[in-house]
Amino acid sequence: MELGVYSFGDVHQDPVTGAQVSPQQRMADLLERARLADEVGLDYFGLGEHHRPEYAISSPVPVLAAAAAQTKNIKVGSAVTVLSTEDPVRVYQQFATLDLLSGGRAELTAGRGSFIESYPLFGADLNDYEELYEEKIALLLALNEAGRKEEPITWSGKFRPALEDATIYPRPVNNNLDIWIATGGTPSSTARAAALGTNVIYALLGGAVSNFARHAQLFRAGAEQAGHDAKALKVGVSAVGLVSKNNATETFYPYWRRVMEDIARERGFTPPNRISYNMQTAPAGAIYTGTPEQVAEKILLTHQHMGHDRHILEMDFASVPQTDVLKSIELFGTEVKPLIDAELRNTKKVSA
């Protein structure tokens, strides 16, 4: 299984110490994390896109390019690109450039985002929420297919100018971009990803992990029905969490609560509390905190439900201090990953 980390470049005021990290410092922190993740053998470093004061990253590609230049093996990608408010042609060009720069290590994860601040910013109408995404993901995949075949593309749609016998440059390494679709786990999003035949990553934002088993099953069955090779498609999980030798769950709590209080206030949800947190940090929940052994065990339990191929964690939720994040990354690579690899190898031997 691939393991990795992702971030939105949180610059929240620390709810414990009151410290405030500048966006400039956060950029340096992110590159330090990327270098360490590469050194300890993690597989993926992702950066997401937000257009809010609490986050330093509105444009992931330049930061990913810097990370690619300072690493050797780790894959670098978006987590996610809010495709609904982007031009797919420009997105393809940016990630093709990143792929060339990184020697074929770039990935693109497309989604609609968990916030809507980019819609008014870039002049998109929320009434077109579904239609925007469907048209743009279809165009992005068509561009990638044309690139694979080294052919021009002719295309027309509703939300951008038509393309007439257009060849898009540059092309990525091997003429192919590795594209994933991100979803929060709605059946319609799962069905869309299955029909398109792309890799899919589920954001486990809450609830019981076992609830996502049906989505993974639906995805694989839908891909087969659509004529795709489901065994060749990957399923990923993104979640929040922190690894430490002791007190990871206690350390993470005030940061988790800070973000969830903000979201509850904005969206009219029930405010979070310690009870709801304990439910999510329990073995069946969607927060991955604890010792290396506890986190490995929980990821393996998720794998039993979903059979997933990749698991990535957001460790800096609401600006968890850099020292804690770095230690967590180190343990994730040096202790959690070997435990998971060993267990999956043993399981494979037994099943064989």
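First, a word on scope: everything that follows refers to the structure included in this document. Note that the structure is predicted; figures quoted are calculated from it, not measured.

Rules and cut-offs
Residues numbered from 1 in each chain as written. Predicted model: local features only at pLDDT ≥ 70, side-chain atom pairs only at ≥ 80, totals over all residues. Heavy atoms only, no water. Helix = DSSP H or I, 4+ residues; strand = E, 2+ residues; numbered from the N terminus. Rg over C-alpha atoms; globule rule 2.2 N^0.38 Å. Buried < 20%, exposed > 50% of the residue type's maximum accessible area, 1.4 Å probe, protein only. Contact = heavy atoms within 4.5 Å. Areas by Shrake-Rupley, 256 points an atom, 1.4 Å probe, with all protein chains shown as cover. Lys, Arg positive; Asp, Glu negative; His and termini not counted. Charge placed at Lys NZ, Arg CZ, Asp CG, Glu CD. Phe/Tyr/Trp six-rings, centres within 6.5 Å; stacked < 30°, edge-to-face > 60°. Lys NZ or Arg CZ within 6 Å of the ring centre and 35° of its normal. Salt bridge = Lys/Arg side-chain N within 4 Å of Asp/Glu carboxyl O. Polar contact = N/O pair within 3.5 Å; in protein donor to acceptor, adjacent residues only side chain to side chain.

### Regarding the overall build of the protein chain
Helix and strand content of the protein chain: 11 helices and 12 strands. In terms of overall size, the protein chain behaves like a compact globule, its C-alpha atoms giving a radius of gyration of 20 Å where 352 residues would be expected to give roughly 20 Å. The principal-axis extents of the C-alpha atoms in the protein chain amount to approximately 60 × 50 × 40 Å. Relative to its 352 residues, the protein chain shows a buried fraction of 54%. Counting contacts in the protein chain only where the partners sit at least 6 residues apart, residues at least 24 apart contribute 73% of the total. Per element, the accessible surface of the protein chain, about 15300 Å² overall, is 52% carbon and sulfur. For the protein chain, the centre of its 33 positive side-chain charges and the centre of its 43 negative side-chain charges are spaced 3 Å apart.

### Concerning the packing of aromatic side chains
For the structure on display, the rule yields 8 aromatic pairs. Relative to F212, the ring of Y202 lies with its centre 6.2 Å away and its plane at 70°, an arrangement referred to as edge-to-face. Residue Y202 is found in strand β9 (residues 199-203), and its partner F212 is found in the loop between β9 and α7 (213-225); the two are separated by 10 residues along the sequence. For Y202, a relative accessible area of 0% puts it in the buried group. A connected cluster of aromatic rings, assembled from ring pairs, spans Y6, F8 and Y55. Between the NZ or CZ atom of R274 and the centre of the ring of Y253, over which it lies, the distance is 4.7 Å. Just above the ring of Y288 sits the side chain of K298; from NZ or CZ to the centre is 5.2 Å.

### Focus on the side chain of D99
Residue placement: D99 occurs in helix α3 (residues 88-102). One buried charged residue, D99, forms no salt bridge at all, with the nearest opposite charge on R105 at 8.1 Å. At 3.0 Å, the side chain of D99 and the backbone nitrogen of V173 are in polar contact. What D99 contacts, discounting residues up to four positions off in sequence, is G104, R105, A106, P172, V173, N176 and L177.

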